[in-house]
Amino acid sequence: MNTIQALIDKYQLTPHPEGGYFAETYRAEEEVASPVHNQPRNSVTQIYFLLAKGDVSRFHKVLHDEIWHFYEGAPLRLLDANNEQCEEILLGQDGRYHHVIAAHRYQAAESTGEYTLVGCTVAPGFDFADFNFLADDAQTMALKADCLQAQKRFI
């Protein structure tokens, strides 16, 4: 059995809408009011997220801060889009093992090798109601120039 299938089986990963595979590993019971829309959200959530060679995590954003944690495999190319700039972060290289994507910023990712296993922590906790793809945001697509358009494979 190859490493990717072994990780999918071990962590019971399923396909994620943005690409790759995931499994939620923690959802706090305690709820808090989101500072963005005042709706109740679990205080924190955590997932495993696996990207195999050729998979991309499409440009998307969540309404709350997201912390990416590198676990194993090839370094992860993480794109952090802040207004007109895209910062490229290589998690798992040169001692960089986590990165925070601030609330409301578009992000995308891909493995630089055969696979990458990471974790993502969101606080207040993740809810699909607080998630959207760049491709679904026509106004933002029109405003985002070189930064995101140069990375069309992530859209």
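Anything mentioned here points back to the structure above.
Attention here is on the structure that accompanies the text. Here the structure is a predicted model, which means the values were calculated and not measured.

1. Points about the overall build of the protein chain
Within the protein chain one finds three helices and 13 strands. The 155 residues of the protein chain split such that 45% are buried. Taking contacts inside the protein chain between residues at least 6 apart in sequence as the whole, the part at least 24 apart equals 71%. Counting only carbon and sulfur atoms, one obtains 48% of the accessible surface of the protein chain, whose full area is about 7900 Å².

2. Observations concerning the side chain of S34
Its place among the elements puts S34 in the loop between strand 3 (31-33) and strand 4 (40-42). At a separation of 3.0 Å, a polar atom in the side chain of S34 contacts the main-chain amide nitrogen of V36. Within the structure, S34 has its side chain in polar contact with the side chain of H64 (distance 2.7 Å). Setting aside chain neighbours within four positions, we find S34 in contact with Q39, R41, H64 and P124.

3. Observations concerning the side chain of T45
Within the element layout of this structure, T45 appears in strand 5 (residues 45-52). Separated by 2.9 Å, the side chain of T45 and the backbone nitrogen of F126 make a polar contact. When residues no more than four places from it in sequence are discounted, the contact partners of T45 are E24, Y26, R27, C120, T121, V122, G125 and F126.

4. Re the pattern of salt bridges
Using the criterion set out here, one finds seven salt bridges in the structure. We note a salt bridge from R27 to E24, for which the minimum N-O separation is 2.7 Å. As a salt-bridge pair, D127 and R41 come within 3.8 Å of each other at their nearest N and O atoms. One end of the pair, D127, is in the loop between strand 12 (115-123) and strand 13 (131-133); the other, R41, is in strand 4, with 86 residues separating them in the sequence. Judged by its relative accessible area of 12%, R41 is buried. One network of salt bridges, with partners in common, ties together R41, D127 and D130.

5. Structural notes on unusual backbone geometry
With an omega dihedral of -15 degrees, the bond running from A123 to P124 counts as a cis peptide bond. Counting through the fold element by element, P124 comes out in the loop between strand 12 and strand 13. Of note in this structure, D94 is not a glycine but carries a positive phi near 55 degrees. Topologically, D94 is positioned in the loop between strand 9 (85-91) and strand 10 (98-101).

Definitions and limits used
Residues numbered from 1 in each chain as written. Predicted model: local features only at pLDDT ≥ 70, side-chain atom pairs only at ≥ 80, totals over all residues. Heavy atoms only, no water. Helix = DSSP H or I, 4+ residues; strand = E, 2+ residues; numbered from the N terminus. Buried < 20%, exposed > 50% of the residue type's maximum accessible area, 1.4 Å probe, protein only. Contact = heavy atoms within 4.5 Å. Areas by Shrake-Rupley, 256 points an atom, 1.4 Å probe, with all protein chains shown as cover. Polar contact = N/O pair within 3.5 Å; in protein donor to acceptor, adjacent residues only side chain to side chain. Salt bridge = Lys/Arg side-chain N within 4 Å of Asp/Glu carboxyl O.

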